[in-house]
Amino acid sequence: MKIFNTLSRQKEEFIPLQEGKVNMYVCGPTVYNLIHIGNARPMIVFDTARRYMEHKGYAVNFVSNFTDVDDKIIKKANEEGVDPSVISERYIQECKKDMEAMNVKEATTHPKATEEIDGMIEMIQTLIDKGYAYVAKDGTVYYKTRSFKEYGKLSHKNLDDLRSGGRSLLVSGEDQKQDALDFVLWKPKKEGEPFWKSPWCDGRPGWHIECSVMSKKYLGDEIDIHAGGEDLIFPHHENEIAQSEAANGKTFAKYWVHNGFLNIDNKKMSKSAGNFFTVRDISEKYDLQVLRFFMLSAHYRSPLNFSADLMEAAKNGLDRIVTSVANLNFLLENAKDGELTAKEQELLDEAKAFITKFDEAMDDDFNTADAVSAIFELVKFTNTNVSEESGKAFVQALKDEIVLLSDICGLIVDKKEEILDTEIEALIQERQDARKAKNFARADEIRDTLAAQGIILEDTREGVKWKRA
Ligand code: AMP
Ligand code: ZN
């Protein structure tokens, strides 16, 4: 398997640090609003990379943070007159709902910045002790960028270029910096802001330190893959490297992987220009599986343009796979048992070529665009070769193949098998409403629908509970 590494700007053979294991960290969203479809891109593409690596047999430890202390969160909290934790908790829950609807697997660990302050203080202290950071008069702690000799290795910038543009790096209120390139590790509290005690001043951490600390705590000093959107290469990831490698004395991440940006109608997404969509906006018009399919139809490193036409095309593409599987389910109901015929065996051998094609595409830097084409070819092959005469084993084998490849992409194509928690809960609510309205026929119908999906309802004193059979 080859992965394009931003560090070397080349596709490299993937060799994990420990055989059979992948430790992977993906920078997560700042939770002050509903996530937008740009934020959804890294979630979907790196979830797909994870699923593929799991399919190949790796045990993937996948860590993705929530940045829950930040200027934008504090601003929103002040506007609403609530504690910042109310805002961050609200949008973490909303983000998790969107992730589930996009069939993005839960991370192994989803740490939150505010719960990791002790670790941040510890790492900042180590950086001070080792001479990589200093404390200014007002208690701000800065990272001494020049002290880290390899600074710029990820973004391929050199310090002299950065110095010439250095003036613009000086932000007001940061005039105690020894050098324009230095960045904040810890800053003093301001009126009306959350703060924590530290050896330097009451205050809060800078943004970059949180990922260095959470990655170390949950994955160790050296990890296999660190990922995020390409806007994070500089300065966020460059600063993370400077912090982690200086503090731990080890190479931080072996492979740095970055997704390209999502644009709308060929323009940068921006709120002010009005070309901005949240994932929730899209969910009003489409099943979010369509959004997922749309994202996977391009290579993750390419810029991707979002438009109504492309979403319609994605919807049609996904429908083609879903319809084929539905047809196979229909055929399976009456197909005859028994051994595969020689012809069927021959066709199944032929169909293996599509799996090989799929694997080759994914092995080539997670080329989901080509992987999806392989699924289409398999669907076409299946539609051409199955009929009411086909045996059950044959139809089942082809269906299993389509479902397997789709599942690696996180695409739910067998509607009979998969029903999302949110759909179940909506149906349960509808059933309660039907009962209240004394429409028992509809209530029973919903119970039967859910039962057919393997969902068992239990009426308890605290309300309706459900479980998967
Ligand atoms: P943020 O909350 O801005 O830190 O973003 C969370 C993640 O979404 C980061 O990995 C960003 O790089 C990524 N991201 C933000 N906007 C876009 C976009 N328009 N296209 C692709 N990725 C994006
Ligand atoms: Zn990060």
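A. Up close: the pattern of salt bridges. Scanning the model with the defined rule gives 37 salt bridges in all. Asp47 is the salt-bridge partner of Arg292, the closest N and O atoms lying 2.8 Å from each other. Of this pair, Arg292 sits in helix α9 (residues 288–296) while Asp47 sits in helix α1 (residues 37–55), and the two are 245 residues apart along the sequence. Linking Glu445 and Arg442 is a salt bridge whose minimum nitrogen-to-oxygen distance equals 2.4 Å. Taken together, the residues Glu445 and Arg442, both in helix α15 (residues 440–452) and three residues apart, mark about one turn of the helix. You can call Glu445 partly exposed: its relative accessible area is 42%. The partly exposed category is assigned to Arg442, whose relative accessible area is 25%. One salt-bridge network, in which partners are shared between bridges, spans Glu94, Lys97, Asp98 and Arg280.

B. Seen up close, the coordination of the zinc ion (ligand 2). Surrounding the zinc ion (ligand 2) are the protein donor atoms Cys27 (SG), Cys211 (SG), His236 (NE2) and Glu240 (OE), which sit 2.1 to 2.6 Å from the metal. Seen from the zinc ion (ligand 2), its four donor atoms lie at angles of 71 to 125°, and the figure they make is irregular. Mapping the donors of the zinc ion (ligand 2) onto the primary sequence gives the spacing C-x183-C-x24-H-x3-E. With Cys211 in helix α6 (residues 207–219) and Glu240 in helix α7 (residues 233–248), this pair connects stretches of sequence that are 29 residues apart. When sorted by exposure, Cys211 lands in the same class as Glu240, which is buried.

C. Here's a closer look at the nonpolar core. Ranked by size, the top nonpolar core spans 90 residues in total, and within it Met102, Leu291 and Phe358 carry the most contacts. When residues no more than four places from it in sequence are discounted, the contact partners of Phe358 are Tyr52, Ala371, Ala374, Ile375, Leu405, Ile408 and Cys409. Counting 41 residues, the second-largest nonpolar core is a separate cluster that includes Ala133, Tyr143, Cys201 and Met214.

D. Structural view of helix α12 (residues 368–385). For α12, with 18 residues, the first-to-last C-alpha span of 25 Å sits near the 26 Å given by 1.5 Å per residue. For α12, the set of buried residues is Thr368, Ala369, Ala371, Val372, Ala374, Ile375, Phe376, Leu378, Val379, Phe381 and Thr382. Considering only its buried residues, α12 is in contact with α1, α9, α10 (308–334), α11 (342–363) and α13 (392–408).

E. Structural detail: the packing of α1 against α13. Put simply, α1 and α13 touch, their axes get as near as 8 Å, and they point 130° apart. Here α1 is positioned oblique relative to α13, judged by the angle of their axes. Mapping the contact onto sequence places Thr48, Arg51, Tyr52 and His55 in α1 and Leu404, Asp407 and Ile408 in α13. The class makeup of the residues in the contact of α1 with α13 is three nonpolar, two polar and two charged.

F. Seen up close, the site of ligand 1. Lining the immediate environment of ligand 1, one finds 17 residues, of which Thr30, Gly38, Gly229, Asp231 and Leu262 sit closest. Interatomic distance of 3.0 Å between a backbone N/O atom of Thr30 and an oxygen atom of ligand 1. At 2.4 Å from an oxygen atom of ligand 1 is found a side-chain nitrogen or oxygen belonging to Asp231. In the complex, the protein chains occlude 87% of the 490 Å² of accessible area that ligand 1 would expose alone. Breaking the shell around ligand 1 down by element, the ones donating at least two residues are α1 and β9 (223–229). By residue number, the principal contributor to the shell around ligand 1 is α1, which donates three residues. For the shell around ligand 1, the class distribution of residues is seven nonpolar, nine polar and one charged.

G. Broad picture of the side chain of Asp68. Inspection of the secondary structure assignment puts Asp68 in the loop between β4 (59–64) and α2 (71–80). Lacking a salt bridge, the buried Asp68 has Lys112 as its closest oppositely charged neighbour, with an N-O distance of 5.8 Å. At 2.6 Å, the side chain of Asp68 forms a polar contact with the side chain of Thr114.

H. Region of interest: α10. With 27 residues, α10 ought to run about 39 Å at 1.5 Å a step, and its terminal C-alpha atoms sit 40 Å apart, in line with that. Three or more residues of α10 are buried, namely Met311, Ala314, Gly317, Leu318, Ile321, Val322, Ser324, Val325, Leu328, Asn329, Leu331 and Leu332. Those residues of α10 hidden inside the fold are in contact with α8 (279–285), α9, β13 (304–306), α12 and α13.

Calculation criteria
- Residues numbered from 1 in each chain as written.
- Chains lettered and ligands numbered in written order.
- Predicted model: local features only at pLDDT ≥ 70, side-chain atom pairs only at ≥ 80, totals over all residues.
- Heavy atoms only, no water.
- Salt bridge = Lys/Arg side-chain N within 4 Å of Asp/Glu carboxyl O.
- Helix = DSSP H or I, 4+ residues; strand = E, 2+ residues; numbered from the N terminus.
- Buried < 20%, exposed > 50% of the residue type's maximum accessible area, 1.4 Å probe, protein only.
- Donors = N, O, S within 2.8 Å, 3.2 Å for Na, K, Ca; no water.
- Tetrahedral: all angles 85-135°; square planar, octahedral: opposite > 155°, others 65-115°.
- Core = buried A, V, L, I, M, F, W, Y, C linked by side-chain atoms within 4.5 Å.
- Contact = heavy atoms within 4.5 Å.
- Expected span 1.5 Å × (residues − 1).
- Axes fitted to C-alpha atoms, helices over the stretch in contact; angles between N-to-C directions.
- Parallel < 35°, antiparallel > 145°, perpendicular 65-115°, else oblique.
- Nonpolar A, V, L, I, M, F, W, Y, C, P; charged D, E, K, R; others polar.
- Near = heavy atom within 4 Å.
- Polar contact = N/O pair within 3.5 Å; in protein donor to acceptor, adjacent residues only side chain to side chain.
- Areas by Shrake-Rupley, 256 points an atom, 1.4 Å probe, with all protein chains shown as cover.
- Lys, Arg positive; Asp, Glu negative; His and termini not counted.

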